[in-house]
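Observations on the model geometry
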Amino acid sequence: RRHTRFKCDWSSDVCSSDLSFTVQLGSFGDEANARRLADRSATFGYKASVTSYKTNGKTMYRVRLGSYAGKTQAEAAASALTVHGITAKVVAAD
C-alpha cells in the first residue's frame, strides 16, 4: 500500500504530494501494436514510452506518457489526446 505525504500552502489552497501520475494510452500483447500507438501519439506532440511487463506468464507492452507532478496536468494531457481519438487514462506512476 502506498502512503502519500502532502505539503500544503494553506494561504493559496495548493497542496502537492510525493505521488506522481502518468497517462496510460494502452496495453498490448503485441509490441508492434504498442509501438504504433506510441508513434500515433507523437504526431500530436506527445512522446510516449513503451515498457514491457509480465502478467500470468505473458509479456505485455504498456504505452504511457509523462511523469506529471499533479493529477491536473496529467488529466490535461489525457484530455488533449482524447480529442484526437486516443483513449487515455490517468494512473499513479509506478
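I will try to describe carefully the structure that is included in this document. (Residues numbered from 1 in each chain as written. Predicted model: local features only at pLDDT ≥ 70, side-chain atom pairs only at ≥ 80, totals over all residues. Heavy atoms only, no water.)

What to know about unusual backbone geometry
Even without being a glycine, Asn56 presents a positive backbone phi close to 50°. Residue position: Asn56 is located in the loop between strand E4 (48–55) and strand E5 (58–68). On the accessibility criterion, Asn56 (81% relative accessible area) is exposed. (Helix = DSSP H or I, 4+ residues; strand = E, 2+ residues; numbered from the N terminus. Buried < 20%, exposed > 50% of the residue type's maximum accessible area, 1.4 Å probe, protein only.)

Focus on the packing of aromatic side chains
Summed over all chains, the structure comprises zero aromatic pairs. The ring of Tyr53 has Arg62 sitting right over it, with the charged end atom 4.0 Å from the ring centre. (Phe/Tyr/Trp six-rings, centres within 6.5 Å; stacked < 30°, edge-to-face > 60°. Lys NZ or Arg CZ within 6 Å of the ring centre and 35° of its normal.)

Overview of the environment of Lys54
Looking at where Lys54 falls in the secondary structure, it is placed in strand E4. Exposure remark for Lys54: the relative accessible area of 61% places this residue in the exposed category. For Lys54, the side chain forms a polar contact with the side chain of Thr59, separated by 3.1 Å. (Polar contact = N/O pair within 3.5 Å; in protein donor to acceptor, adjacent residues only side chain to side chain.)

Observations regarding the pattern of salt bridges
Applying the stated rule across the entire model yields three salt bridges. Across the salt bridge formed by Arg35 and Glu31, the nearest N and O atoms sit 3.0 Å from each other. Within this pair, Arg35 and its partner Glu31 are both found in helix H1 (residues 31–42), separated by four residues, close to a single helical turn. The class of Glu31 is partly exposed, set by a relative accessible area of 31%. Between Asp94 and Arg64 there is a salt bridge; the shortest N-O distance is 3.3 Å. Pair noted here: Asp94 is in the segment after strand E6 (89–92) and Arg64 is in strand E5, with a separation of 30 residues, a long-range link. The exposed category is assigned to Asp94, whose relative accessible area is 71%. By relative accessible area, Arg64 is classed as buried at 14%. The structure contains a network of salt bridges with shared partners spanning Arg62, Arg64 and Asp94. (Salt bridge = Lys/Arg side-chain N within 4 Å of Asp/Glu carboxyl O.)

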